[in-house]
Amino acid sequence: MEEKLKAEEKKIGMTEAWLRKHRLLHTGATRHPFILSIRDGTVDIAAFKTWLAQDYLFVRAFVPFAASVLIKAYKESDDNTDMEVILGGVAALKDEISWFKNEANKWGISLSNVVPQKPNKNYCGLLDSLTRPEVEYSVAITAFWAIEAVYQESFAHCLGEGSQTPQELKETCERWGNEGFGRYCQSLQNIANLHLQKASDDELKNAEVALLSVLEHEVEFWNMSCASV
Ligand SMILES: Cc1ncc(CN)c(N)n1
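Rules used throughout
Residues numbered from 1 in each chain as written. Predicted model: local features only at pLDDT ≥ 70, side-chain atom pairs only at ≥ 80, totals over all residues. Heavy atoms only, no water. UniProt positions renumbered as here; feature names shortened; annotations may be inferred. Helix = DSSP H or I, 4+ residues; strand = E, 2+ residues; numbered from the N terminus. Rg over C-alpha atoms; globule rule 2.2 N^0.38 Å. Buried < 20%, exposed > 50% of the residue type's maximum accessible area, 1.4 Å probe, protein only. Contact = heavy atoms within 4.5 Å. Areas by Shrake-Rupley, 256 points an atom, 1.4 Å probe, with all protein chains shown as cover. Lys, Arg positive; Asp, Glu negative; His and termini not counted. Charge placed at Lys NZ, Arg CZ, Asp CG, Glu CD. Near = heavy atom within 4 Å. Polar contact = N/O pair within 3.5 Å; in protein donor to acceptor, adjacent residues only side chain to side chain. Nonpolar A, V, L, I, M, F, W, Y, C, P; charged D, E, K, R; others polar. Phe/Tyr/Trp six-rings, centres within 6.5 Å; stacked < 30°, edge-to-face > 60°. Core = buried A, V, L, I, M, F, W, Y, C linked by side-chain atoms within 4.5 Å. Salt bridge = Lys/Arg side-chain N within 4 Å of Asp/Glu carboxyl O.

Going by what an unreviewed UniProt entry lists, the protein is known as aminopyrimidine aminohydrolase and is assigned to Arachis hypogaea. Quoted verbatim from the Pathway (unreviewed entry) field of the UniProt record, the comment on the protein reads "Cofactor biosynthesis; thiamine diphosphate biosynthesis."

So, in structure tokens, the structure goes:
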């Protein structure tokens, strides 16, 4: 495939080549007005609370998807370290769910009454479809990396130089914006690139579509948080 050759020529890997090709959408997902409002300190706390409650439901739906990627890594990868990187991610989700519960408590949100909004339901539907056994490992790991990387890039931006993120939101931003999470996302990207190098044209097409779907759903998820204020 021509794109694959170009990526190899530039030594950037398939995922980076796709992010450059779909730069506007990638920027839309990682520099959304909701994120920019956290960074400049003008965020509407009601929007933040909506995001928090909805994301708790999303993370619960993310667990079985992550587990399915783990199974694919075990079955389809000849590199043992793939499985260990993904296992680390799966294990961290337990702590993440507890963090959401604590945080909701702090903000006076009752998570047992939260109903998923349409964009959240749609995104969870995508996760569910990517959990199917017939979805290739290269496709699933590309989506998995993209989901984690959007949060890493978004929240790291809220902590970068010149940011005016309110003190009470800094812990949230640190959760995904810290360097360790950045290194984890880099490892996922390296795994995705290695498998995409060996992928058929059909798989490449499916992986690019999965990446685009993730970016689109991320934009919708941020939109949902702002819209319900
Ligand atoms: C919507 C969404 N996207 C990504 C993540 C990072 N796991 C998340 N918690 N929520």
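The discussion continues.
A.B. asks: What is the right way to look at the overall build of the protein in this model?
C.D. replies: Scanning the protein from N- to C-terminus turns up 11 helices and zero strands. Starting at the N terminus, the α and β elements of the protein follow one another as α-α-α-α-α-α-α-α-α-α-α. In summary, the protein has a C-alpha radius of gyration of 17 Å against a globular reference of 17 Å for 229 residues, a match within 12%. Along the three orthogonal principal directions, the C-alpha set of the protein runs to about 50 × 35 × 30 Å. When the 229 residues of the protein are sorted by exposure, 51% land in the buried category. Within the protein, contacts between residues separated by at least 24 positions form 85% of all contacts whose residues are at least 6 apart in sequence. By element, 52% of the accessible surface of the protein is carried by carbon and sulfur atoms, the whole surface being about 11100 Å². The positive charge centre, built from 24 side chains, and the negative charge centre, built from 33, are 2 Å apart in the protein.

A.B. asks: Got a minute to help me understand the site of the ligand in this structure?
C.D. replies: Around the ligand, the structure places Asp55, Phe58, Val59, Tyr123, Ile147, Glu148, Tyr151, Trp176, Glu218 and Phe221. One of the side-chain nitrogen or oxygen atoms of glutamate 148 is found 2.7 Å away from a nitrogen atom of the ligand. Protein chains shield 100% of the accessible area of the ligand, which is 290 Å² for the free molecule. When residues of the shell around the ligand are traced back to their parent elements, those giving at least two are α5 (45–76), α8 (137–157) and α11 (201–227). In terms of residue class, the shell around the ligand is made up of seven nonpolar, no polar and three charged.

A.B. asks: Hey, could you run me through the packing of aromatic side chains in this one?
C.D. replies: For any pair of aromatic rings, the description rests on two quantities: the centre-to-centre distance and the angle between the ring planes. For the structure on display, the rule yields 24 aromatic pairs. One aromatic cluster in this structure is built from Phe34, Phe48, Trp51, Tyr56, Trp99, Phe100, Trp107, Tyr151, Phe155, Trp176 and Trp222.

A.B. asks: Explain the nonpolar core here, please?
C.D. replies: The biggest cluster of nonpolar side chains holds 77 residues, and the ones touching the most others in it are Ile38, Trp51, Phe65, Ile86, Ile141, Phe144 and Phe155. For this core, the element with the highest residue contribution is α5, accounting for 15 residues.

A.B. asks: Would you take a moment to explain the pattern of salt bridges for this structure?
C.D. replies: Pairing between side chains of opposite charge can happen when the charged atoms of each approach one another. Tallied over the entire structure, the rule returns eight salt bridges. Lysine 21 is paired through a salt bridge with glutamate 208; the nearest N and O atoms lie 2.7 Å apart. One end of the pair, lysine 21, is in helix α2 (residues 14–21); the other, glutamate 208, is in helix α11, with 187 residues separating them in the sequence. Classification of glutamate 208 as buried rests on a relative accessible area of 10%. Measuring nitrogen to oxygen at the nearest pair gives 3.9 Å for the salt bridge that ties lysine 106 to glutamate 171. With lysine 106 in helix α6 (residues 80–106) and glutamate 171 in helix α9 (residues 167–177), the pair connects residues that are 65 residues apart, well separated along the chain.

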